[in-house]
Amino acid sequence: MTNFLNNHLGGQWQPATRAVHTLTDPVTGDTLATTGGAAEGLAEGFAFARDQGARALQSLGYAQRAAMLSEALKVMQAKRDDYYAMSLANSGTTKADSGIDIDGGLFTLGYYAKLGASLGDAKALTDGAPAVMSKDQLFQSQHLMAPVKGLALFINAFNFPSWGLWEKAAPALLSGVPVVVKPATATAWLTHQMVKDVIDAGILPPGALSIVCGSSAGLLDALSPFDVLSFTGSADTAATIRSHRAVTRDSVRVNIEADSLNSTILAEDALPGSAAFDLFVDNLARDITIKSGQRCTAPRRALVPKGLLPAVGEAVAAKLAAIRVGNPRNPDVGMGSLVSRAQFDSVREGLAALKTEASVMFDGAAQPLLDADDRSACIGPTLLAVRDADAATKVHDLEVFGPVSTLVGYRDTEHAIAIANRGLGSLVASVYSADNGLLACCARGLAATHGRVHLVSPEVGKTHTGHGNVMPASIHGGPGRAGGGEELGGLRALAFYHRRSAIQGPAAALDSMKEGTTAFSY
Ligand code: NAP
């Protein structure tokens, strides 16, 4: 019998309704699960979360909530095998790629459990030292950060059903803010199972964690002024969300993680045969193919000194040619499927557009698939090249959400930075060089337009965390086109789920208020 992904609202699982949306295996086409249409009882469910869920969570201190995160982690660690099976079937990913989502999510949850324990029994945070505002020093101001008085609604993208949930839910729950998650329909199965496992384990108070599967209709209408909304997905949906009354009139705090034309840069000193050159090539080939290129951080543009375009193209093409593409159930497959035939069509369309201004260095789409046929959503990796970066337009603007990257030739370091900045704000840029001074110079040139700058020298060649990997200690999000959002970054993530208020009054009252708080520092 097909799984029906029912909603959990108001502390209860709602009964199954008529199946409206279908989740499929992108390799075999098999139906895996269904969801209903527009959710019933959103207003009441949201009110229950704001009232009962928030009250129960906020009656506890940070360390107690951190302990709940640890318990939730244990529950899910015991079910990892089930999650891997779901990911393989529904996302079409290899074991290693499933791990990035599943273990990446659990790692982030564990990271916040540890960080939260260090905040002790406090129930609010103080921000900075008091400012003296009177000559006799008796009247002062202290900034206090209190957990927001609403719920956190997460509208998530299809590519990270586990990590996308936990990287947001961990800091929210740690802050004492109840969570409602709306996973992308195509891969909602894994998110639903994880939420169900944690709810069934009875670790969190009723109303702390809710889920709505299927249609997003009515979700934004159900928001109130003190709620917060975190969205991950396409720039088009982000624009719709930003124009909703909840945001424009009620000032619901919103965080947007949208698409991004990330760059990876081979520095001028990294000539063929050097360790930095080899690291660049290895990492680029890996970043193109991990999760079949369906990572928001994937390097869509690889910037290389113009004269090195042929050498880099040849080296990366050789790596890509060695990766077998197809059904991830076959152990010889190194890269699985795209998430759906709709994404397959979108990648094909995007490739055709890029090819109008780029030449093809490697055409993996022409290679035979392993244990998969033309009905699957599998597509081989493609490497393109653009010689005239300044004349090109599409390569700086069109995010093809698949295993595709374009080599772009640059003249000098200043030109490379200018090209990276044509992404108009990106999540990440990486630079490969053996010259630490050059790495530092690139970092300064890229910082204002990138959420993260990833520097790699041969010294850290084996230990760096990877261009595309989002680590919870570093912030994730980028300015401009990337959505303007900011997530993670250690305790910085908690700021989104707290309201900062300036408390002005007698020094003695401020001292008294500070009991039960801890300093917010990171
Ligand atoms: P999407 O089509 O924008 O969908 C994202 C989410 O929004 C889904 O849950 C979707 O629900 C929901 N949604 C669609 N229309 C909505 C509306 N009118 N109101 C409220 N919610 C609505 O994006 P996607 O195709 O899932 O994800 C791919 C994109 O996400 C890529 O562009 C990628 O770059 C970006 N991404 C960014 C990051 C980041 O951290 N910056 C991370 C991952 C992905 P349904 O699925 O039910 O339609």
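Before any of the text, the structure's been laid out above.
Given the structure is predicted, the values throughout are model-derived calculations rather than measurements.

Rules behind the numbers
- Residues numbered from 1 in each chain as written.
- Predicted model: local features only at pLDDT ≥ 70, side-chain atom pairs only at ≥ 80, totals over all residues.
- Heavy atoms only, no water.
- Helix = DSSP H or I, 4+ residues; strand = E, 2+ residues; numbered from the N terminus.
- Rg over C-alpha atoms; globule rule 2.2 N^0.38 Å.
- Contact = heavy atoms within 4.5 Å.
- Areas by Shrake-Rupley, 256 points an atom, 1.4 Å probe, with all protein chains shown as cover.
- Lys, Arg positive; Asp, Glu negative; His and termini not counted.
- Charge placed at Lys NZ, Arg CZ, Asp CG, Glu CD.
- Buried < 20%, exposed > 50% of the residue type's maximum accessible area, 1.4 Å probe, protein only.
- Pairing = 2+ DSSP bridges.
- Axes fitted to C-alpha atoms, helices over the stretch in contact; angles between N-to-C directions.
- Near = heavy atom within 4 Å.
- Polar contact = N/O pair within 3.5 Å; in protein donor to acceptor, adjacent residues only side chain to side chain.
- Parallel < 35°, antiparallel > 145°, perpendicular 65-115°, else oblique.
- Left-handed = near helix turned anticlockwise from the far one by under 90°.
- Nonpolar A, V, L, I, M, F, W, Y, C, P; charged D, E, K, R; others polar.
- Right-handed = clockwise from strand over helix to strand, strands pointing away.
- Salt bridge = Lys/Arg side-chain N within 4 Å of Asp/Glu carboxyl O.

Here we take up the overall build of the protein chain. Looking only at helices and strands, one finds 14 helices and 23 strands in the protein chain. Here the C-alpha atoms of the protein chain give a radius of gyration of 24 Å, agreeing with the 24 Å that 2.2 N^0.38 yields for 522 residues. Its C-alpha atoms give the protein chain principal-axis dimensions of roughly 70 × 65 × 40 Å. Counting contacts in the protein chain only where the partners sit at least 6 residues apart, residues at least 24 apart contribute 77% of the total. Of the accessible surface of the protein chain, which amounts to about 20,300 Å², a share of 53% is contributed by carbon and sulfur atoms. The protein chain carries 44 positive and 49 negative side-chain charges, and their two centres are separated by 3 Å.

Here the focus is unusual backbone geometry. Of note, Lys291 is a non-glycine position whose phi angle comes to about 50°, a positive value. Along the chain, the position of Lys291 falls in the loop between α9 (275-289) and β14 (301-305). The phi dihedral of Ser292 falls on the positive side, at around 50°, and the residue is not glycine. Within the element layout of this structure, Ser292 appears in the loop between α9 and β14. According to the relative accessible area criterion, Ser292 is buried, its value standing at 2%.

Picture the strands of a sheet paired through backbone hydrogen bonds; they go either parallel or antiparallel. Read from one edge of the open sheet, three strands run β1-β5-β4, paired in mixed fashion. The sheet terminates laterally at β1 (3-5) and β4 (21-24), the two strands that pair on one side only. Ignoring strand direction, the axes of neighbouring strands in this sheet form an average angle of 30°. Where β4 meets strand β5 (residues 31-35), four bridges bridge the pair, whose relative direction is antiparallel. Counterpart to Thr22 in the pairing with β5 is Thr34. Along the sheet, helix α6 (residues 188-200) makes contact with β1, β4 and β5, crossing β1 at roughly 75°.

Close contacts around the ligand come from 24 residues, with Asn156, Thr185, Ser234, Thr237 and Glu399 the closest. Within the side chain of Lys182, a nitrogen or oxygen atom sits 2.9 Å from an oxygen atom of the ligand. Here an oxygen atom of the ligand sits 3.4 Å away from a polar atom, N or O, in the main chain of Gly233. Considering the ligand on its own, with 900 Å² of exposed area, one finds that the protein chains cover 80% of that surface.

This part is about the packing of α9 against helix α10 (residues 309-321). At a minimum axis distance of 9 Å, the contact between α9 and α10 shows a crossing angle of 50°. Put simply, α9 runs oblique to α10. Like other packed secondary-structure pairs, α9 and α10 cross with a definite hand, here right-handed. Side by side, α9 and α10 meet where Phe277, Phe280, Val281, Asp282, Leu284, Ala285, Ile288 and Thr289 of the first sit next to Ala311, Val312, Ala315, Val316, Lys319 and Leu320 of the second. For the contact of α9 with α10, a count of residues per class yields 11 nonpolar, one polar and two charged.

Looking along a regular strand, one sees the side chains alternate between the two faces of the sheet. Here strand β9 (residues 179-182) shows no split at all, with Val179 and Val181 on one side and Val180 and Lys182 on the other all buried. As defined by bridge partners, strand β8 (residues 152-155) adjoins β9 across four bridges and the pair is classed as parallel. Within the sheet, the bridge partner assigned to Leu153 lies in β9 and is Val180. Summarising the sheet, β9 and strand β10 (residues 209-211) pair through three bridges and their orientation is parallel. By the bridge assignment, Val181 is partnered in β10 with Ile211. Assessed by its sense of winding, the connection that carries the chain from β9 through α6 to β10 is right-handed.

To continue, consider the sheet that holds strand β19 (residues 450-456). Strand order in this open sheet of seven strands is β15-β16-β17-β14-β13-β18-β19, and the pairing throughout is mixed. Both outer strands of the open sheet, β15 (359-363) and β19, are each paired with one neighbouring strand and no more. In this sheet, adjacent strand axes meet at a mean angle of 20° when their direction is disregarded. Bridge count between strand β13 (residues 263-266) and strand β18 (residues 426-432): four bridges; the pairing is parallel. Paired with Thr264 across the bridge in β18 is Ser430. Against the sheet, α9 touches β13, β14, β16 (382-386), β17 (404-410), β18 and β19, its axis set at about 160° to β13.

This next bit is on the pattern of salt bridges. For the structure on display, the rule yields 15 salt bridges. Between Arg329 and Asp25 there is a salt bridge; the shortest N-O distance is 2.6 Å. Separated by 304 residues along the polypeptide, Arg329 in the loop between α10 and α11 (341-354) and Asp25 in the loop between β4 and β5 bring together distant segments of the chain. What makes Arg329 partly exposed here is its relative accessible area of 39%. Accessibility expressed as a relative area gives 3% for Asp25, which makes it buried. Shared partners join several salt bridges into a network, and the residues in it are Asp259, Asp397 and Arg481.

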